[in-house]
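Inside the fold
So the chains spell out like this:
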Amino acid sequence: MSLENRGAFIVFEGCDRIGKTTQCRLLVELLKSRDIPVLPMHFPERSSHIGQVINSYLTNSKDLPDEVIHLMFSANRWEHMNQIKQKLLEGNTLVVDRYSYSGVAYSAAKGLDFDWCYAPERGLLKPDAVFYLRAPADDLTNRGEYGKERYEKVEFQGRVAKVFDQICAKEANYWHQLDASQSAEDLHAQVADIAVKLVHRVATQDLDKLY
Ligand code: TMP
């Protein structure tokens, strides 16, 4: 690829313990093996000051009003936006575990207004593709370490899934809903097929913003 080619902005979304982390890792390994420059990222990014507050909240050592933690998750994305833009423009593909859609889905599932939840995400960079991993909520209880963090409850995850479904229907032109109950290898094969084509297709396209 030529120097002016940018990388692709790829996001994985879905409920807790659905397999996003494994799929991110497999995709990063695949792109590396094809000599495509690639970097993994994960939101919340817990190492910053804001990220540490989010971590305290998620591990139940700190309580905050729903609105406040929502805005902190959003601020955590905003504080990394320049870095994300720079990495993409340098030609790195980013494989990101969760983004704005998790922000909206988890807060709206608590009862906050959908449009209010989406508002602080406007202006952030828009992903080129979102892989939405979907499985029945009951399946999730069998997955490793389920129940350790604040949101890991079956009933709540069901509500989160409903909001993700709603977003998926609205953003269908760049969302790919995939069945997470299949094997990790089969799922990866589907992701890989779409992602490799995407990296080449968007290389000369301008970056877009969420609006
Ligand atoms: P993680 O398990 O991927 O690190 O995410 C931690 C939790 O934070 C998970 O339950 C989803 C939730 N979350 C939000 O509520 N809002 C957000 O904006 C993000 C990125 C995650």
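The structure displayed is predicted, hence computed values, not measured ones.

1. Quick notes on the side chain of Glu13
Relative to the assigned elements, Glu13 resides in strand β1 (residues 9-13). Of the side chains bearing the opposite charge, Arg98 lies closest to the buried Glu13, which forms no salt bridge; the N-O distance is 4.3 Å. A polar contact of 2.5 Å, which involves the side chain of Glu13, links it to the side chain of Ser102. If sequence neighbours within four positions are ignored, Glu13 has contacts with Lys20, Arg98, Tyr99, Ser100, Tyr101, Ser102, Val130, Phe131, Tyr132, Leu133, Phe164 and Trp175.

2. Structural notes on the site of the ligand
In the vicinity of the ligand there are 14 residues, among which Asp16, His42, Arg46, Arg77 and Arg98 approach most closely. Contact distances for the ligand include 2.9 Å between an oxygen atom and a side-chain N or O atom of Asp16. Interatomic distance of 2.8 Å between a side-chain N/O atom of Arg77 and an oxygen atom of the ligand. Surface burial for the ligand is 93%, taken as the share of its 480 Å² of free accessible area covered by protein chains. In this structure, the ligand is accommodated by the largest pocket. For the shell around the ligand, the secondary-structure elements that each account for two or more residues are α3 (66-78) and α5 (100-109). Element by element, the count of residues in the shell around the ligand is highest for α5, at 3 residues. Per-class residue counts for the shell around the ligand are 6 nonpolar, 3 polar and 5 charged.

Criteria and thresholds
- Going along each chain's sequence as written, the residues are numbered from 1 onward.
- In keeping with the model being predicted, local features are shown solely for residues with a pLDDT of at least 70 and side-chain atom pairs are shown and tallied solely at 80 or more, while totals for entire chains, interfaces and linings include all residues.
- Where side-chain values are given, they derive from all heavy atoms of the structure, hydrogens and water being excluded.
- The way it works is that DSSP assigns letters per residue, a run of H or I at least four long becomes a helix, a run of E at least two long becomes a strand, and they are numbered from the N terminus.
- Here's how the labels work: a residue is buried when its accessible area is under 20% of the maximum for its type, exposed when over 50%, partly exposed in between, all with a 1.4 Å probe on protein chains only.
- We score Asp and Glu as negative and Lys and Arg as positive, and we do not count His or the chain ends.
- Every case where a carboxyl oxygen of Asp or Glu lies within 4 Å of a side-chain nitrogen of Lys or Arg is listed as a salt bridge.
- We call two N or O atoms a polar contact when they sit within 3.5 Å, provided that within protein one can donate a hydrogen and the other can accept it, with sequence-adjacent residues counted only if both atoms are side-chain atoms.
- Residues count as neighbours in contact if any of their non-hydrogen atoms are within 4.5 Å of one another.
- Note on definitions. A residue lies near a molecule or strand when any single heavy atom of the residue is within 4 Å of it.
- All accessibility values rest on the Shrake-Rupley procedure with a 1.4 Å probe; residue burial counts only the protein chains present in the view.
- The rule is simple: put a 1 Å grid over the protein atoms alone, call a set of points where a 1.4 Å probe fits but cannot get out a cavity, call an open set with protein on both sides within 12 Å along at least five of seven lines a pocket, and count a residue as lining if it has an atom within 4 Å of a point.
- Assignment of a molecule to a cavity or pocket requires that more than half of its atoms lie within 2 Å of the corresponding grid points.
- Any residue outside Ala, Val, Leu, Ile, Met, Phe, Trp, Tyr, Cys, Pro, Asp, Glu, Lys and Arg is labelled polar, Gly included; the first ten of those are nonpolar and the last four are charged.

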